[in-house]
Protein chains: 4
Amino acid sequence: MTEDRKPGAGRGEPPVRADYARFVPLTTRWSDNDAYGHMNNVVHYALFDSAVNAFLIGAGLLDLRGQGPIGLVVESGCRYHRELAFPQPVTAGLRVGHLGRSSVRYEIALFGGEAETAAADGFFVHVSVERLTRRPVAHGEAMRRALQEMMR
Amino acid sequence: MTEDRKPGAGRGEPPVRADYARFVPLTTRWSDNDAYGHMNNVVHYALFDSAVNAFLIGAGLLDLRGQGPIGLVVESGCRYHRELAFPQPVTAGLRVGHLGRSSVRYEIALFGGEAETAAADGFFVHVSVERLTRRPVAHGEAMRRALQEMMR
Amino acid sequence: MTEDRKPGAGRGEPPVRADYARFVPLTTRWSDNDAYGHMNNVVHYALFDSAVNAFLIGAGLLDLRGQGPIGLVVESGCRYHRELAFPQPVTAGLRVGHLGRSSVRYEIALFGGEAETAAADGFFVHVSVERLTRRPVAHGEAMRRALQEMMR
Amino acid sequence: MTEDRKPGAGRGEPPVRADYARFVPLTTRWSDNDAYGHMNNVVHYALFDSAVNAFLIGAGLLDLRGQGPIGLVVESGCRYHRELAFPQPVTAGLRVGHLGRSSVRYEIALFGGEAETAAADGFFVHVSVERLTRRPVAHGEAMRRALQEMMR
């Protein structure tokens, strides 16, 4: 499978499953494949978003219909190591790379099928803000504990 | 409008229109707004992709139905300075930040409406490959010239 | 261009621009093209939604951040006559096909570039509901007048 | 849960799981929820497409990188009975409603979580065409048999 290794993707080895703290299984969609027949580079970010928010909601840390703080993305990035493609299932690995007073850096990797090595890895930085005023607020205690457990 | 400035987005000032070489007008979509009522962070990358490929196709440098080389994305990133939202029109500013033998770093900023200052700025790195084998190939002469003109 | 006419799409002739009351220009996106190199059938609905909501917001009939009624889609449909594809610009034609006490049937056609004949035409039915309780409410007077003007 | 029943969605009862022949589990995404906090009506079609194509590929009836016939969508439609929302998992039920010489009508329902009653049900009509010429071709024998088994 070395031929589907992306050229020029060499800067640093791709991470492996053991580098991550939690795993979220995801299904791919027909529309994820672009005109080149592989998962479009944009879709990776949609999966990052979905994996992190599914974790937060599942852990009771984000209530979409509630009034608590929300996370706004201020920066994001991704490195693409191998091609992914529908209908392949994907697993997202999650960890916390940095935890500030009101910010958190989520680091996410996408694993195709049963692969141990990531097809892509990236991050996004959430700043926790009040829903209406969009002013930064410190992480609550439950949030901070949950995020600390995911630091690697 | 200072209140829709994103908190913690401070690292470096956002770029302005004069920092870019070409401009592509884009329309936003209802589905761009997520549950928080603003353009989801993923959509920015869809606009980056669309602006660069519209430029390449318009300049005769990419033929989707042809057999020439294609660009694979090996890395991408974005900083979010202000919120954008449907139905606001957006203009993408494009420039080339780095030009290698077979790679190119496109830098893109998104401007909401008539704003001079970018709501978001980012990049992606394309490696030019043969369509079938996905082996890197040097940029052709026309491509190289067009990209050089967009360096800032 | 007869060869990009979709086979079996014959049930009734495709509509033309003169059949519609309002027009909304839209840009296409790289990700609109699927693995077959044309606009995926799902994207047409995203354009329908965007065109109608852009019209409503532009006419002051929908305030996304306000507390007024919203429209919930209870049915939708589309017939595909010819292929569309990024980077082609698209114009949406809008009209109202039926206007009930709290419901409205929007009919939308998509025209590729300067074409007079629709590449696709479809509809969706909105039921106007209170934002929180999701109970149907009669159209307000301004809304009813604006929708009546769009009946064809 | 009667209050999340969509108003005006009454035309005919929503189907139940027993009305379908095959089931495909799907995950939802953060970006599926629109500004109203529920799955946008467009996403249902993306799930229809994904479920049918995943079935076809899994059954060896569609090879994305091959040269065999492909299915072009000439018509589609959906009725929305109840709201769905990320992060809820969804199951798609599939059946074949009509089978022509070169066409097939797929009927799909979406079930939220463990629900027996569909939140939405719809269809799309595929016409089988040669990949390059886009001329209709009769279904092959394996395809016809597989589709017949899914008729309900």
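Above this note sits the structure.
Now for a quick tour of the structure. Going along each chain's sequence as written, the residues are numbered from 1 onward. As they are written, the chains are lettered A onward and the ligands numbered 1 onward, keeping that order. Only residues with pLDDT of 70 or above have their local features reported here, since the model is predicted, and side-chain atom pairs are shown and tallied only from 80 upward, although totals for entire chains, interfaces and linings are computed over all residues. Working from all heavy atoms in the structure, the side-chain values ignore hydrogens and water.

## Quick word on the interface of chain A and chain B
In this analysis, two residues are considered to be in contact whenever any of their non-hydrogen atoms come within 4.5 Å of each other. Facing 30 residues of chain A, the contacting portion of chain B comprises 30 residues. Counting each side, the surface lost to burial between chain A and chain B is near 2800 Å², with a carbon and sulfur contribution of 54%. The salt bridge criterion pairs a side-chain nitrogen of Lys or Arg with a carboxyl oxygen of Asp or Glu, the two atoms within 4 Å. In this assembly, chain A and chain B are joined by two salt bridges. For Glu 83 of chain A, the salt bridge goes to Arg 134 of chain B, with nearest N and O atoms at 2.6 Å. Each polar contact in these results corresponds to two N or O atoms within 3.5 Å; when the atoms are within protein, one needs to be able to donate a hydrogen and the other to accept it, and residues that are neighboring in sequence are counted only if both atoms are side-chain atoms. The interface formed by chain A and chain B contains 19 residue pairs in polar contact (both at pLDDT 80 or more). Helix and strand assignments come from DSSP, with helices taken as H or I runs of at least 4 residues and strands as E runs of at least 2, each series counted from the N terminus. Contributions of two or more residues to the side of chain A that touches chain B are made by helix H1 (43–58), strand S2 (70–80) and strand S5 (120–129) of chain A. Considering each element in turn, the side of chain A that touches chain B owes the most residues, 11 residues, to S2 of chain A. Three residue categories are used. Nonpolar comprises Ala, Val, Leu, Ile, Met, Phe, Trp, Tyr, Cys and Pro, charged comprises Asp, Glu, Lys and Arg, and polar comprises the others, including Gly. Tallied by class, residues from the side of chain A that touches chain B come to 16 nonpolar, seven polar and seven charged. Each pair of strands is called paired provided DSSP finds at least two bridges between the two strands. Direction of pairing for S2 of chain A relative to strand S2 (residues 70–80) of chain B: antiparallel, over a ladder of five bridges. Bridging across to S2 of chain B, Gly 77 of chain A finds its partner in Gly 77 of chain B. Throughout, the accessible surface (probe 1.4 Å) given up by two parts as they are put together, summed over both, is called the buried area.

## Focus on the pairing of strand S3 (residues 90–99) of chain D
All names here are of chain D. Residue exposure (1.4 Å probe, protein chains only): buried if accessible area is under 20% of the type maximum, exposed if over 50%, otherwise partly exposed. The element S3 is extensively covered by neighbouring structure, given that eight of its 10 residues are classed as buried. Where strand S1 (residues 22–26) lies against S3, five bridges are found, and the strand directions are antiparallel. Looking at S3, one finds that Pro 25 is bridged to Thr 91. Where S3 meets strand S4 (residues 103–112), nine bridges bridge the pair, whose relative direction is antiparallel. Bridging from a neighbouring strand, Ala 92 pairs with Leu 110 of S4. Where S3 hands over to S4, the hairpin turn is made up of three residues, counted between the paired strands.

## Details of the relation of the copies chain B and chain D
Mapping chain B onto chain D calls for a screw motion: a turn of 180 degrees about the axis and a shift of 0.0 Å along it, with 0.0 Å RMSD after fitting. The two molecules are tied by a two-fold rotation axis, judged by turn and shift. With an isologous cut-off of 70% or more, the 100% of interface residues of chain B that recur at the interface of chain D puts this contact in the isologous class. Copies overlap after least-squares fitting; the atoms used are the C-alpha atoms of residues with pLDDT of at least 70 in both.

## Topic: the sheet that holds strand S5 (residues 120–129) of chain B
Taken together, 10 strands build an open sheet; the order of strands is S1(A)-S3(A)-S4(A)-S5(A)-S2(A)-S2(B)-S5(B)-S4(B)-S3(B)-S1(B) and the sheet is antiparallel. Both edges of this open sheet fall to strand S1 (22–26) of chain A together with strand S1 (22–26) of chain B, since each of them pairs with a single strand only. In this sheet, neighbouring strand axes are inclined to one another by 25 degrees on average, regardless of whether the strands run parallel or antiparallel. To obtain each axis, a line is fitted to C-alpha atoms, and for helices this fit is confined to the stretch in contact; angles are then taken between N-to-C directions over 0 to 180 degrees. Lying over the sheet, helix H1 (residues 43–58) of chain B contacts S2 of chain A together with S1, S2, strand S3 (90–99), strand S4 (103–112) and S5 of chain B, oriented at roughly 135 degrees with respect to S2 of chain B. Sheet strands in contact with helix H2 (residues 141–149) of chain B are S3 and S4 of chain B, and its direction is about 115 degrees off that of S3 of chain B.

## What to know about H1 of chain B
Residues and elements named next belong to chain B. Multiplying one less than the number of residues by 1.5 Å gives the expected span of a helix. With 16 residues, H1 should reach 22 Å at 1.5 Å per residue; the first-to-last C-alpha distance of 22 Å fits that figure. Judged by how many residues are buried, H1 sits mostly within the fold: 13 of 16 residues are covered. Looking at the residues trailing H1, positive phi occurs at Gly 60, about 75 degrees.

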